[in-house]
Amino acid sequence: MKRLGITVAAAALIFFAGYAALFIAPDESTMHAIQRVFYVHLPLWMVMYSALTVAFIANIAWLATRQIKWDWLGVSAVEVGVVACTGGLATGVLWGKPAWGIWWTWDARLTTAFLLWLLYIAYLLLRGLLEDPERRATLSAIFGIFAFLDAPLVYASNRLWRTQHPAPVIFGGDNSGLNPTMGKVLVICILAMLPVMILLLVDRYRLERMRHEVEELRLAVEARAADSNPAVTRSTA
Amino acid sequence: MKNFNFLFAAWMVVWAVFFVYEFSIASRLARLQEEIERLKQQLRER
């Protein structure tokens, strides 16, 4: 019931955020309608940074404590982060074509963002290759910490180098800033996207916990079978 | 509205990605729940 309430509240907020982005935010003078992609593009990156930060903390916590719940949280947050990153890259491509005349360019911002996506895809593939849970958790935690080094680089890339991607409009220095109404709409859109991330993360964590439960039950069934029929166990051993 | 098709596509892609992901989690959860029930049943029978 509590979960249903949160889902309904998140859906209402998303609906309002969509309305605000399309109808309340003022028209941008050079890009016009397509600039409204901004209200979903930037919140997606914020969701991605939040999820990957959670994964980074979980990776460190696993290495420090060896409690399996941190591994579950790590992989769940990485998967949600990859989904948000995929959305961020896709909306960027769809914004780039009408705004720049090209779908993609290998500038510092786009390249580091694409690299981040590839690194975390590799993280998920790596986990699929490792059978032993402890070894899988340790190696993926080390790889996750290494992959996270690219996240601040993505953030800083259009501050450090000249890029096709626009200069930052938030915390970008003296010449940056947003129209106050645009700023308010952006905050609403970020607040609408974060509960989606949390709901996905909670569900994904539950999935990992249930996988663990299935493994434990399978072992219990096998142990019970061995106890009830030791001859079969000896002959197959 | 100029470039509305790109704007529409961008919004659709985002919600499609989230929807497909949530759907995949929900179906995996349902499969695991069935598996848990089956294994618990096996344990009760033995």
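Residues numbered from 1 in each chain as written. Chains lettered and ligands numbered in written order. Predicted model: local features only at pLDDT ≥ 70, side-chain atom pairs only at ≥ 80, totals over all residues.

Caption draft 1: Local environment of the overall build of chain A. When helices and strands are tallied, chain A shows eight helices and zero strands. Written out in order from the N terminus, the α and β elements of chain A read α-α-α-α-α-α-α-α. Relative to the globule expectation of 18 Å for 237 residues, the C-alpha radius of gyration of chain A, 22 Å, shows a markedly less compact shape. Along the three orthogonal principal directions, the C-alpha set of chain A runs to about 80 × 45 × 30 Å. Within the span of chain A, comprising 237 residues, buried residues form 33% of the whole. Across chain A, contacts joining residues at least 24 apart in sequence account for 75% of those joining residues at least 6 apart. (Helix = DSSP H or I, 4+ residues; strand = E, 2+ residues; numbered from the N terminus. Rg over C-alpha atoms; globule rule 2.2 N^0.38 Å. Buried ≥ 20, exposed ≤ 12 C-beta atoms within 10 Å, placed from the backbone. Contact = placed C-beta atoms within 7 Å.)

Caption draft 2: Representation of the overall build of chain B within the structure. Helix and strand counts for chain B come out as one helix and zero strands. Projected onto its principal axes, the C-alpha positions of chain B cover 70 × 10 × 5 Å.

Caption draft 3: Examining unusual backbone geometry more closely. Residue and element names in this part refer to chain A. In the Ramachandran plot, His32 falls in the positive-phi region, its phi being about 60° despite a non-glycine side chain. With respect to the element layout, His32 can be found in the loop between helix H1 (2-24) and helix H2 (38-65). Despite not being glycine, Arg66 shows a phi value in the positive range, around 60°. By the element assignment, Arg66 lies in the loop between H2 and helix H3 (68-100).

Caption draft 4: Molecular detail of the packing of H3 of chain A against helix H1 (residues 4-45) of chain B. Packing of H3 of chain A against H1 of chain B leaves a shortest axis separation of 9 Å and a crossing angle of 170°. Here H3 of chain A is positioned roughly antiparallel relative to H1 of chain B, judged by the angle of their axes. Along the contact surface, H3 of chain A presents Val83, Thr86, Gly87, Ala90, Thr91, Leu94, Trp95, Lys97 and Pro98 of chain A, while H1 of chain B presents Phe6, Ala9, Ala10, Val13, Val14, Val17 and Tyr21 of chain B. For the contact of H3 of chain A with H1 of chain B, the per-class residue count stands at twelve nonpolar, three polar and one charged. (Axes fitted to C-alpha atoms, helices over the stretch in contact; angles between N-to-C directions. Parallel < 35°, antiparallel > 145°, perpendicular 65-115°, else oblique. Nonpolar A, V, L, I, M, F, W, Y, C, P; charged D, E, K, R; others polar.)

Caption draft 5: Inspection of the interface of chain A and chain B at higher detail. Counting from both sides, the interface comprises 32 residues of chain A and, opposite them, 26 residues of chain B. Taken together, the elements giving at least two residues each to the side of chain A that touches chain B come down to H2, H3 and helix H7 (180-228) of chain A. Of the residues forming the side of chain A that touches chain B, the biggest block, 16 residues, is contributed by H7 of chain A.

Caption draft 6: Region of the structure containing the packing of H3 of chain A against helix H5 (residues 133-148) of chain A. Residues and elements named next belong to chain A. The contact between H3 and H5 brings their axes to 11 Å, and the two run at 50°. By the angle between their axes, H3 is oblique relative to H5. Between H3 and H5 the crossing geometry is left-handed. Residue-level contacts link Ile68, Asp71, Gly74 and Val78 of H3 to Ala137, Ala141 and Gly144 of H5. A class-by-class count of the residues in the contact of H3 with H5 yields four nonpolar, two polar and one charged. (Left-handed = near helix turned anticlockwise from the far one by under 90°.)

Caption draft 7: Just the environment of Ala113 of chain A, in detail. Residue and element names in this part refer to chain A. With respect to the secondary-structure elements, Ala113 resides in helix H4 (residues 108-129). Once the C-alpha coordinates of Ala113 and Ser157 are considered, the two residues, 44 residues apart in sequence, prove to be 9.4 Å apart. Filtering out sequence-adjacent residues up to four positions away, Ala113 remains in contact with Leu89 and Val154.

Caption draft 8: The confidence of the model for chain B, seen in detail. On average, residues of chain B score 91 in pLDDT, and 98% of them reach the 70 mark or higher. Across the predicted assembly, pTM comes out at 0.91 and ipTM at 0.91. (pLDDT = per-residue confidence, 0-100.)

Caption draft 9: Structural view of the environment of Arg206 of chain A. Residue and element names in this part refer to chain A. Among the secondary structure elements, Arg206 is positioned in helix H7. Looking at Arg206, the number of C-beta atoms within 10 Å reads 15, which means it is partly exposed. The spacing of Arg206 and Leu73 is 133 residues in sequence and 9.5 Å in space, taken between C-alpha atoms.

Caption draft 10: View of the nonpolar core. Ala51, Ala77, Ala84, Cys189 and Met197 of chain A are the most contacted members of the largest nonpolar core, which totals 63 residues. Where this core is concerned, the elements lending two or more residues are H1, H2, H3, H4, H5, helix H6 (150-160) and H7 of chain A together with H1 of chain B. Those residues in contact with Cys189 of chain A that sit more than four places away from it in its chain are Ala17, Ala21, Tyr39, Val40 and Pro43 of chain A. (Core = buried A, V, L, I, M, F, W, Y, C linked by C-beta atoms within 7 Å.)

Caption draft 11: The arrangement of H6 of chain A in detail. Residue and element names in this part refer to chain A. Among all positions of H6, only Ala151, Val154 and Asn158 are buried. Down the axis of H6, the smallest arc covering the buried residues is 65°, so these residues share one side. Those residues of H6 that are exposed and aimed more than 90 degrees away from the buried face are Pro152 and Leu160. Each element contacted by the buried residues of H6 is listed here: H2, H4 and H5. (Arc of directions from axis to C-beta.)

Caption draft 12: Summary view of H2 of chain A. Relative to the 40 Å expected for 28 residues at 1.5 Å per residue, H2 of chain A spans 40 Å between its end C-alpha atoms, a close match to the ideal helical length. Looking at the residues trailing H2 of chain A, positive phi occurs at Arg66 of chain A, about 60°. (Expected span 1.5 Å × (residues − 1).)

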